[in-house]
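# Reading the structure
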Amino acid sequence: MPIEHHDLVHEFPELREQIREKKMNDAHFARLFVEYHELTKDVERMESEVEPVSTRTEEEFKLKRVQLKDKLYSMLVN
């Protein structure tokens, strides 16, 4: 099964410019952006079984990632 990529620009292509702008001008957004991408890499490693973990751990990481993505999205549109 192919691993889906969930980088923020891929998730919200219509907000590409806002993402770039926020990364450059909002330190809090930039930190959350980095955290989101680190979580995404962790989840992708778990999904590909490069880093085997329990299903529960993987689901916890995915939940944290989606919560962070919601927060970033909110910051982009408000």
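Scroll up for the structure.
A few points on the structure. The model shown is predicted, which means the values in this text are computed figures rather than measured ones. (Residues numbered from 1 in each chain as written. Predicted model: local features only at pLDDT ≥ 70, side-chain atom pairs only at ≥ 80, totals over all residues. Heavy atoms only, no water.)

## Some words on the overall build of the protein
Convention followed: Starting at the N terminus, helices and strands are each numbered in turn, a helix being any DSSP run of H or I of at least four residues and a strand any DSSP run of E of at least two. Throughout, exposure labels follow a simple rule: accessible area from a 1.4 Å probe, protein chains only, divided by the maximum for the residue type, with under 20% read as buried, over 50% as exposed, and the rest as partly exposed. Contacts were defined at the residue level, with two residues in contact if any of their heavy atoms lie within 4.5 Å. Only the protein chains shown count as cover for residues, and the accessible areas themselves come from Shrake-Rupley with a 1.4 Å probe. Charged residues are defined narrowly, with Lys and Arg counted positive, Asp and Glu counted negative, and His plus the chain ends left uncounted. Charged groups are reduced to one reference atom each: NZ for lysine, CZ for arginine, CG for aspartic acid, CD for glutamic acid.
Summing up its helical and strand segments, the protein has 4 helices and 0 strands in all. Counting only C-alpha atoms and orienting by the principal axes, one finds that the protein spans roughly 35 × 20 × 15 Å. Evaluated residue by residue, the protein yields a buried proportion of 29% over its 78 residues. Within the protein, residue pairs in contact and separated by at least 24 positions form 68% of the contacts whose partners lie at least 6 positions apart. Split by element, the accessible area of the protein, about 5,400 Å² in all, is 52% carbon and sulfur. Each charge class in the protein was averaged separately, 13 positive and 18 negative side chains, and the resulting centres sit 5 Å apart.

## Describing the packing of aromatic side chains
Threshold: Here the aromatic set is Phe, Tyr and Trp, taking the six-membered ring for Trp, and pairing holds for ring centres within 6.5 Å; pairs whose planes are under 30 degrees apart are stacked, those over 60 apart are edge-to-face, and all others are tilted.
The tally for this structure, following the rule as stated, stands at 2 aromatic pairs. Judged by centre distance (5.0 Å) and plane angle (40 degrees), the ring pair of Phe12 and Tyr73 falls under tilted. Pair noted here: Phe12 is in the loop between helix H1 (8-11) and helix H2 (16-25) and Tyr73 is in helix H4 (residues 55-77), with a separation of 61 residues, a long-range link. Phe12 gets classed as buried once you look at its relative accessible area, which sits at 11%.

## Quick notes on H4
Test applied: Here the expected length of a helix is defined as 1.5 Å per residue gap, with one fewer gap than residues.
If you check H4, its first and last C-alpha atoms are 33 Å apart, about what 23 residues at 1.5 Å a residue would give, namely 33 Å. Buried within H4 are the following residues: Glu58, Arg65, Leu68, Lys69, Leu72, Met75 and Leu76. Next to the buried residues of H4 lie H1, H2 and helix H3 (27-47).

## Points about the side chain of Lys69
Where we set the bar: In protein, a polar contact means a hydrogen-donor-capable atom and an acceptor-capable atom, both N or O and within 3.5 Å, with residues adjacent in sequence counting only if both atoms are side-chain atoms; elsewhere, any N or O pair within 3.5 Å suffices.
Examined against the element boundaries, Lys69 turns out to sit in helix H4. Using a relative accessible area of 17% as the deciding quantity, one classes Lys69 as buried. Side chain to side chain, Lys69 and Glu11 meet in a polar contact 2.7 Å long. Not counting chain neighbours up to four residues away, the residues in contact with Lys69 comprise Leu8, Glu11, Phe12 and Tyr36.

Note that every value here comes from positions in space, so none of it alone points to a role or purpose.
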